[in-house]
Amino acid sequence: MKQFENEYETQLSVQGSILYGTISGALGFITKMSPKLFGFLSDFQKSLATVVNGAGIKPHHHQTEYTRSNKGFFDGNLIKSFLKLPVSDMESVIKGLKGSYNCEFQIILEQSEIGIKDVINLIEDLTRLY
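Residues numbered from 1 in each chain as written. Predicted model: local features only at pLDDT ≥ 70, side-chain atom pairs only at ≥ 80, totals over all residues. Heavy atoms only, no water.

Where an unreviewed UniProt entry is consulted, the protein appears under the name RSE1/DDB1/CPSF1 C-terminal domain-containing protein, with the organism given as Acyrthosiphon pisum.

1. A short note on helix α5 (residues 116-129)
The test is simple: In this text, helices come from DSSP runs of H or I with a minimum length of four residues, and strands from runs of E with a minimum of two, each type numbered from the N-terminal end. By this rule the span expected of a helix is its residue count minus one, scaled by 1.5 Å. When accessible area is computed with a 1.4 Å probe and restricted to protein chains, residues below 20% of their type maximum are described as buried, those above 50% as exposed, and intermediate ones as partly exposed.
Look at α5: 20 Å from first C-alpha to last across 14 residues, which is about the 20 Å you get at 1.5 Å a residue. Considered for burial, the residues of α5 that qualify are Ile116, Asp118, Val119, Asn121, Leu122, Ile123, Asp125 and Leu126.

2. Some details on the side chain of Asp75
This is how it is decided: Note on charges: Lys and Arg go in the positive column, Asp and Glu in the negative column, and His and the chain ends are not counted at all. We define a salt bridge as a side-chain nitrogen of Lys or Arg found within 4 Å of a carboxyl oxygen belonging to Asp or Glu. The definition of a polar contact used here is a pair of N or O atoms within 3.5 Å, where within protein one atom must be able to donate a hydrogen and the other to accept one, and adjacent residues in sequence count solely through side-chain atom pairs.
The residue Asp75 is located in the loop between α2 (63-69) and α3 (76-81) in this model. Of the side chains with opposite charge, Lys80 comes closest to the buried, unpaired Asp75, at an N-O distance of 8.8 Å. Looking at Asp75, its side chain comes within polar contact range of the main-chain nitrogen of Asn77, at 3.0 Å.

3. Let's talk about the pattern of salt bridges
Taken as a whole, this structure holds one salt bridge when the rule is applied. Across the pair Asp125 and Arg128 runs a salt bridge whose closest N-O atoms are separated by 2.4 Å. Taken together, the residues Asp125 and Arg128, both in helix α5 and three residues apart, mark about one turn of the helix. Judged by relative accessible area, Asp125 falls into the buried class, the value being 18%.

4. Considering unusual backbone geometry
We note that Phe105 has phi near 65°; this positive angle belongs to a residue other than glycine. Exposure remark for Phe105: the relative accessible area of 3% places this residue in the buried category.

5. Considering the pairing of strand β2 (residues 27-30)
Applicable threshold: Two strands are counted as paired when DSSP detects at least two bridges linking them.
When strand β1 (residues 18-21) meets β2, the two strands line up antiparallel, connected through four bridges. Of the residues in β2, the one forming a bridge with Tyr20 is Gly28. Hairpin connection between β1 and β2: a loop of five residues separates the two successive antiparallel strands, and Gly25 in this loop has a positive phi of roughly 100°.

6. Observations concerning the nonpolar core
How we decide: Only buried residues count toward a nonpolar core, which is a set of Ala, Val, Leu, Ile, Met, Phe, Trp, Tyr and Cys residues joined through side-chain atoms within 4.5 Å. Contacts are residue-level and defined by heavy atoms, with any inter-residue pair within 4.5 Å sufficient.
Counting 24 residues, the largest nonpolar core has Phe40, Phe44, Leu48, Phe82 and Val119 as its most contacted members. Mapped by element, the contributors of at least two residues to this core are α1 (35-54), α3, α4 (87-95) and α5. A per-element tally of this core places α1 first, with eight residues. Leaving out residues up to four positions away in the same chain, Val119 has contacts with Phe40, Phe44, Phe82, Ile94 and Ile114.

In structure tokens, the structure reads:
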């Protein structure tokens, strides 16, 4: 299995990004990302929501409804919850992906090369942006 090791970069730019807050105390972050990363995160979020809900882990107050109703947006709390899952559930999330991905999060026809470490690195990089 090919690993990122230290070569991984999210390729996200904070230039032109928007960090906003709402009167209810919610925070949001809007930024540009590549279509391949967007595709992976969409697939990942759906798989993660299935595993989290199936494992009986209580989602944040409106997390499940938010994930279903907001196309084009990602739930940062849901995505970060991957870091707190047991390894067996992390493996289930990766196995539940609809596509197969290489280590650059690009969809491929062969068996997926992406591993838990790759996803953890991605999530940690994303959380550093905001």
